[in-house]
Amino acid sequence: MRVAFAHTPKHMIYPGSLTALADGRVIHAWNTWYQPEMGEKKGEKSRYVQFSVSADDGKTWSEPKSLAKNAAAHSVIRHPIVELADDEWLFPLMDRTVVYDPKTGDTKVYDIPVKHHGINSITPDESRGVAYISTCSDGRRGPGESSIFLILDLKTGKYRELIDTERHTIVQSVHPS
């Protein structure tokens, strides 16, 4: 454990999330933009998700670890990590869902089946082995923006669509007070 992170002159850090684990530890996950690697376009930055753990309420932190880079899209974490079990942490990233084993470092990756959508929210139901996911189109606001609600089976890695807001109209009922 160490007190502070080393200076990162070639990186840009963007806040992510804090999550309290059942055993009292805290995970800080964040987005890091690195300068281009070999083979990438000049001026283009790569995004990675990194995280660190504190066992003393943030006084000291473990060395940062990185989730594997997604070659097809830039990963961004915007929501808290979900502790499914001692050895399963669910990282809800914008471009995919990752289940991470903190004991082995192994990951299971569940890519989003909807092109040009990012994860808006995720709610796991550990007793059923599923996660409910809402997505949002990555276009500009206005006509054409849509959301899709999905169920992810965490055992099989398969998604099932619940609602596609482009195809369904949601009706609000108003009740007099």
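Quick notes on the rules
- Residues numbered from 1 in each chain as written.
- Predicted model: local features only at pLDDT ≥ 70, side-chain atom pairs only at ≥ 80, totals over all residues.
- Heavy atoms only, no water.
- Core = buried A, V, L, I, M, F, W, Y, C linked by side-chain atoms within 4.5 Å.
- Buried < 20%, exposed > 50% of the residue type's maximum accessible area, 1.4 Å probe, protein only.
- Helix = DSSP H or I, 4+ residues; strand = E, 2+ residues; numbered from the N terminus.
- Contact = heavy atoms within 4.5 Å.
- Pairing = 2+ DSSP bridges.
- Axes fitted to C-alpha atoms, helices over the stretch in contact; angles between N-to-C directions.
- Patch = residues over 30% accessible without salt bridge, like charges linked within 9 Å, V, L, I, M, F, W, Y side chains within 5 Å.
- Areas by Shrake-Rupley, 256 points an atom, 1.4 Å probe, with all protein chains shown as cover.
- Salt bridge = Lys/Arg side-chain N within 4 Å of Asp/Glu carboxyl O.

## Focus on the nonpolar core
So, point 1. In this structure, Leu84, Leu90, Val99 and Leu154 are the most contacted members of the largest nonpolar core, which totals 15 residues.
So, point 2. Within the residue set of this core, elements represented by two or more residues are strand S5 (82-85), strand S9 (117-125), strand S10 (130-137) and strand S11 (147-153).
So, point 3. Looking at which element gives the most residues to this core, the answer is S11, with three residues.
So, point 4. Excluding residues that lie within four positions of it along the chain, Leu90 makes contacts with Ile81, Val82, Leu84, Thr97, Val98, Val99, Ile122 and Leu154.
So, point 5. Listed in part, the 14 residues of the second largest apolar core include Val49, Val53, Leu93 and Val98.

## Details of the sheet that holds S5
So, point 1. Across the sheet, which stays open at both edges, the four strands sit in the order S5-S6-S7-S8 with antiparallel pairing between neighbours. With partners counted over all chains shown, the strands left at the sheet margins are S5 and strand S8 (107-111), one partner each. The mean inter-strand angle of the sheet, taken between neighbouring strand axes irrespective of direction, is 20°.
So, point 2. Bridge analysis of strand S7 (residues 96-100) against S8 gives five bridges, and the strand direction is antiparallel. When the bridges of S8 are listed, Thr97 appears paired with Tyr110.

## Quick word on a nonpolar patch on the surface
So, point 1. Residues Phe149, Leu162 and Ile163 make up a contiguous nonpolar surface patch of about 210 Å² in total accessible area.
So, point 2. For Ile163, the position within the fold is in strand S12 (residues 159-164).

## What to know about the sheet that holds S9
So, point 1. Here we have four strands laid out as an open sheet, ordered S9-S10-S11-S12, and antiparallel in their pairing. Of all strands in the sheet, those bounded by a partner on one side alone are S9 and S12. The average angle at which neighbouring strand axes cross in this sheet is 25°, direction not considered.
So, point 2. Pairing of S10 with S11, which is carried by seven bridges, proceeds in the antiparallel orientation. Within S11, the position partnered with Ala131 by the bridge is Leu152.

## Focus on the environment of Ile81
So, point 1. Tracing the chain through its elements places Ile81 in the loop between strand S4 (65-66) and S5.
So, point 2. On the basis of relative accessibility, which here comes to 3%, the residue Ile81 falls in the buried class.
So, point 3. Sequence separation between Ile81 and Leu93 is twelve residues; the distance between their C-alpha atoms is 9.3 Å.
So, point 4. When neighbours within four sequence positions are excluded, Ile81 is seen to be in contact with Ser17, Thr19, Ile27, Ala29, Trp89, Leu90, Phe91 and Pro92.

## Focus: the pairing of S11
So, point 1. Of all seven residues making up S11, five are buried, and the element is well covered by its neighbours.
So, point 2. In the sheet, S11 pairs with S12 via five bridges, with the strands oriented antiparallel. Counterpart to Ile148 in the pairing with S12 is Asp164.
So, point 3. Turn length for the S11-S12 hairpin, with the two strands adjacent in sequence and antiparallel, is five residues, and the turn residue Gly157 shows positive phi of about 80°.

## Points about the pattern of salt bridges
So, point 1. Per the stated rule, a full pass over the model turns up two salt bridges.
So, point 2. Between Lys108 and Glu88 there is a salt bridge, and its shortest N-O distance comes to 3.6 Å. Residue Lys108 is located in strand S8, and its partner Glu88 is located in strand S6 (residues 88-92); the two are separated by 20 residues in the primary sequence.
So, point 3. For Glu88, a relative accessible area of 27% puts it in the partly exposed group.

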